[in-house]
Each structure stands twice: as C-alpha cells, then as structure tokens.
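# Descriptive structure summary
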Amino acid sequence: MAARGGPGRRDRGRHGLPPRGIAYSLRSSKPGLAMRIATFNINGIKARTEALASWLDTATPDVVLLQEIKSVDDGFPGEMFEDRGYAVATHGQKGFNGVAILSKLPLEDVTRGLPGDDTDEQARWIEATVVGRTALRLCGLYLPNGNPAPGPKFDYKLAWMARMRDRAATLLSSEMAVVMAGDYNVIPQAEDAARPEAWTEDALFLPESRAAFRRILNLGFTEAFRAREPRPGHYSFWDYQRAAWEKNDGIRIDHLLLSPQAADLLSEAGIDKAVRGGDKPSDHVPVWIELDA
DNA sequence: ATGGCTATATGTTATAGA
C-alpha cells in the first residue's frame, strides 16, 4: 500500500500547506485553500441588506454574484460590503433587474451588459476577472423570466439565451477558467421541481427554454450542483405564495456553469437552503461552489 | 384559482416577478 500523501508531501510546511512559491495544484478541501463562489438572487437590495450581511458573516464567501438588486448603482449600499472586505461592482437599473459582484479579491476588467443587442436596456449581465492562483472570469446573470409564454416576453427570453450562448462560446475560446452564475429562470429537468406537473405551461420549464439551456451546456460547460449531486429534491427558489416554503414546493433555477478549465478545479457545491427560513428572506437562496483556485 | 405574496417606484395603485 502506497504511503498517503504522495510526491510533494515532504515539501509542505506547517499546516500541510506548500511553502510559498510552490506552484503545484493542491487537490485539497482544507478550509481556506478553496475559493468559495456563490450566486444569490436577493430580490431587492434595500429590503435585504441586513439578511445579506448576516449571511455573508456566516458563509464568508470569497465571491458573491447578486441578482435582482432592484436598485440604481448609486442606491447600492456598497460601503456595507466594502467594510467587510469586499470589492463591489454593480450594474443597476431603477426598480427591477440589476446585478452586482462582491469579491474579496480585486475585480478587474469589469464589463456590463450582455453583448449582441445595443437596444437592450435591461441590466442582467456583468463580468469581471479575479486572480487567485489562477485567473477566473466571472459572469453574473439574471436571465429573463419569459412569462407569459407564448408572447413578447418569452421571445425576449429565447433571444437573450441565444445571445448568451454566443457570449459563452467566445469565453470558451479564450480558454480561461469561466464561471457563469446566476438566476437562469430555467428548471433543467423534472427532478428539479417538487411538482413538475405544475410548471408544464410555464416559461421556466417549457421545452424551448430547457433546450436553449442545454445548447449552452453542450458548448462544454458543467452545471456544478448537478455534477456533484445527482439526486432529486434540491431547490433554490420557493414562491412567497401558497405556503410554498412550508410545503417544500420548490424549484431549482439558480445555477453555476463552469468552463472545462473551471470544472477541473471544482471541489464542492451546495445550496444554503436554511436562508429561506430566516427573517425577511428572499424567495431564492444562495447556491455556491468551492474551486481550488 | 383568473397569481392567493413581496419589492419597488410609477407611490394609497401599477408593474414585475416565477
């Protein structure tokens, strides 16, 4: 039987960490070695500032991609997060939509808006690069709901997904590690809903929406949570109505898609379900991954 | 059940969400 640890073990200093300057990858899940990246549709930053701050203090993510800040850039309480050591980038809009990124590492090369339609005024896409052991391109997205379907809102959803596919293909060709995370407003499979029969006519579950989602995945992305957890019954959204939370009548629509270079670094994925039971909760909860990055 | 809550701004009503 081979000794545990293998080559390189003797090079590690105290705490099992490699000495500074050693560049080999650690396939370890030790706390502090992984970068934790979360997506969270907070449903209004003004109403959720306290709940978000307390979740940050508990979960201590390195990066958070926020959706539905429902605020203009100037109205975003960035100081509250800067005080906690986060760099902040926002792409806001008055009243609804709006995305933001919080990061313990500096945010570089921030871009706002999904390419492909200069007439699209809706704030649903933001990108930035963070550099830890490797450079990581982060994309935060709030994909259109699309209801009622059929109709112009559903057409907008499908057109937006086609634009996202183009952007995703461009990012893949860069060969960077890429994380595209957010509220996709797509239930990928029946096992991602407690009552799939209730969603058959809904834009979140119509075959066209699911096919468009698969077309993006099929470029070569890995859906992180499903890659780590094959079993059904895990949700990220529970409606405020009809006692959906109390009945666990949820759907899984918040996802993190990883390019091959990012998927190779994936060590953990999870859903912070308990957040839904807190004070003044969003109707979504955080979904997160850990990367050895 | 024809959206039964919730958040925001357009603000004692409308719009959007999923």
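To keep things clear, this report deals only with the structure shown in the data block. Here the residue numbering is sequential within each chain, running from 1 through the sequence in written order. Labels are handed out in written order, letters beginning with A for the chains and numbers beginning with 1 for the ligands. Only residues with pLDDT of at least 70 get local features here, since the model is predicted, and only at 80 or more are side-chain atom pairs given and counted; chain-wide, interface and lining totals rely on the full set of residues.

Only DSSP runs of H or I with at least four residues qualify as helices, and only runs of E with at least two residues qualify as strands; both kinds are numbered from the N terminus onward. Within chain A one finds six helices and 14 strands. Counting across all 293 residues of chain A, residues that qualify as buried make up 39%. Contact definition: two residues whose C-beta atoms, as placed from backbone geometry, lie within 7 Å. Here the contacts in chain A between residues at least 6 apart in sequence split such that 69% fall between residues at least 24 apart. As a rule, residues whose C-beta atom has 12 or fewer other C-beta atoms within 10 Å are exposed, those with 20 or more are buried, and those in between are partly exposed; C-beta atoms are placed from the backbone.

With that settled, consider the packing of helix α3 (residues 152-173) against helix α4 (residues 207-217). Under this scheme, a helix contributes an axis fitted over its contacting stretch, all axes are lines through C-alpha atoms, and angles between N-to-C directions fall in the 0 to 180 degree range. Running from N to C, α3 and α4 point in directions that differ by 5°, and their axes come no closer than 9 Å. Considering the angle they form, α3 stands roughly parallel to α4. Together, Lys157, Leu158, Met161, Met164, Arg165 and Ala168 of α3 and Glu208, Ser209, Ala212, Arg215 and Ile216 of α4 make up the contact between the two elements. Just so you know the grouping, Ala, Val, Leu, Ile, Met, Phe, Trp, Tyr, Cys and Pro go in nonpolar, Asp, Glu, Lys and Arg go in charged, and all remaining residues, Gly too, go in polar. Per-class residue counts for the contact of α3 with α4 are six nonpolar, one polar and four charged. Orientation is classified from the angle alone, with under 35 degrees giving roughly parallel, over 145 giving roughly antiparallel, 65 to 115 giving roughly perpendicular, and any other angle giving oblique.

So, about the sheet that holds strand β7 (residues 135-142). A sheet is described by the order of its strands in space; here six strands give the open sequence β5-β6-β7-β8-β12-β9, paired in mixed fashion. Whereas interior strands pair on both sides, the edge strands pair on one side only; in this sheet they are β5 (108-112) and β9 (222-223). Summarising the sheet, strand β8 (residues 177-183) and strand β12 (residues 254-258) pair through five bridges and their orientation is antiparallel. Pairing of Val179 across the sheet is with Leu258, part of β12. Strands are labelled as partners when DSSP assigns at least two bridges between them.

To continue, consider the protein's contact with DNA strand B. The rule is simple: place the C-beta atom from the backbone, and if it lies within 6 Å of a molecule or strand, the residue is near it. Residues in close proximity to DNA strand B total 23 residues, the closest being Gly44, Lys46, Ala47, Gly95 and Asn145. Per element, the largest residue contribution to the surface near DNA strand B is three residues, and it comes from helix α1 (residues 45-59). Residues that form the surface near DNA strand B fall into these classes: seven nonpolar, nine polar and seven charged.

Attention now moves to the environment of Leu171. With respect to the helices and strands, the residue Leu171 is situated in helix α3. For Leu171, a count of 19 C-beta atoms within 10 Å corresponds to the partly exposed category. Between the C-alpha atom of Leu171 and that of Arg137, which follows or precedes it by 34 residues, the distance is 8.5 Å. Setting aside its immediate chain neighbours within four residues, Leu171 contacts Arg137, Met176, Val178 and Ser259.

Glancing now at α1. Each α-helix turn comprises 3.6 residues. Residues three or four places apart therefore point the same way. Given the number of residues in a helix, its expected span is that number minus one, multiplied by 1.5 Å. Taking 1.5 Å per residue as the helical rise, α1 with its 15 residues ought to reach 21 Å, whereas the 18 Å between its terminal C-alpha atoms falls clearly short. Consider a residue and the seven residues that end there alongside the seven that start there; fitting an axis to each set, the bend is the angle between those axes. In the structure, α1 departs most strongly from a straight axis at Ala51, where the bend amounts to approximately 35°. When α1 is considered as a whole, its buried residues turn out to be Ile45, Arg48, Leu52, Trp55 and Leu56.

Sheet architecture is open: six strands sit in the order β3-β4-β2-β1-β14-β13, paired in mixed fashion. Edge strands, defined here as strands with exactly one partner in the open sheet, are β3 (87-91) and β13 (266-271). Across the sheet, the axes of successive neighbouring strands diverge by a mean angle of 15°, strand direction being ignored. Judged from the five bridges that link them, strand β2 (residues 63-67) and strand β4 (residues 99-103) form a sheet pairing that is antiparallel.

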